[in-house]
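# Geometric and topological summary
These are the residues of each chain, in order.
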Amino acid sequence: PERNAKFYVYWVRMFFSREPSNPGSSLSERIAIFIEELQTQRKEEWQVHQAEHAVRIYFHNFLDGQEAQTPERKLLPQSNGKINVDEALAQLRTVLRVKHYSYRTEQTYLDWIKRFFGYLKETSMSQQDARRSRR
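What comes next is a walk through the structure. (Residues numbered from 1 in each chain as written. Predicted model: local features only at pLDDT ≥ 70, side-chain atom pairs only at ≥ 80, totals over all residues. Heavy atoms only, no water.)

### Some points on the packing of helix H1 (residues 5-17) against helix H2 (residues 27-40)
Heads up, the rule is: Where helices are involved, their axes are fitted lines through C-alpha atoms of the stretch in contact, as for all axes, and angles between N-to-C directions lie from 0 to 180°. Secondary structure counts use DSSP, requiring at least four H or I residues in a row for a helix and at least two E residues in a row for a strand, with both numbered from the N terminus. For classification, angles of less than 35 degrees are called roughly parallel, those exceeding 145 degrees roughly antiparallel, those between 65 and 115 degrees roughly perpendicular, and all remaining angles oblique. Whether two residues are in contact is decided by their heavy atoms: any pair within 4.5 Å suffices. Three categories are distinguished: nonpolar for Ala, Val, Leu, Ile, Met, Phe, Trp, Tyr, Cys and Pro, charged for Asp, Glu, Lys and Arg, and polar for the others, with Gly belonging to the last.
In the contact formed by H1 and H2, the axes pass within 11 Å of each other and the chain directions differ by 105°. The orientation of H1 with respect to H2, classified from their angle, is roughly perpendicular. Residues Trp11, Met14 and Phe15 of H1 pack against Leu27, Arg30, Ile31, Phe34 and Leu38 of H2. Here the residues of the contact of H1 with H2 sort into 7 nonpolar, no polar and 1 charged.

Okay, structure coming up:
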């Protein structure tokens, strides 16, 4: 029901805020662990049921029932020590969407990050030019 929508969002956010104890575990295993945590917190049985239902609906409706993992938040450098800009932007986009940021906010953040990477690239190129001219 529409009146319960805010609670469903609450449960899904709570699910994603928890770090999985075993990152490679399946969705079913992660939901089971989440439900056990709620039961140890002495939540009412209807709340536990609602939380499980909310998480399952989220994965079914928004991720086509995939065994999806929480978006990885670490951005690792490539073998040459540089960050893949496209990968960084894609990761940021995923995190912003999971957190339900508005489309305009997402676009603004992505634009600022692109500008920042452009600045870093320009700065590093000018430093390399300065080193070459000293030789």
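### A word on the pattern of salt bridges
Quick note on the threshold: By definition, a salt bridge exists where a carboxyl oxygen of Asp or Glu is found within 4 Å of a side-chain nitrogen of Lys or Arg. Three exposure classes are used, based on accessible area relative to the maximum for each residue type with a 1.4 Å probe and protein chains only: buried under 20%, partly exposed in between, and exposed over 50%.
If you walk through the whole model with that rule in mind, you get 4 salt bridges. Across the salt bridge formed by Arg93 and Glu106, the nearest N and O atoms sit 3.4 Å from each other. Of this pair, Arg93 sits in helix H4 (residues 85-98) while Glu106 sits in helix H5 (residues 103-134), and the two are 13 residues apart along the sequence. For Arg93, a relative accessible area of 29% translates into the label partly exposed. Looking at Glu106, the relative accessible area reads 2%, which means it is buried. Arg115 serves as the salt-bridge partner of Asp111, at 3.0 Å between the closest nitrogen and oxygen. Pair noted here: Asp111 and Arg115 are both in helix H5, with a separation of 4 residues, about one helical turn. Judged by relative accessible area, Asp111 falls into the partly exposed class, the value being 33%. Overall, the relative accessible area of 48% leaves Arg115 in the partly exposed class.

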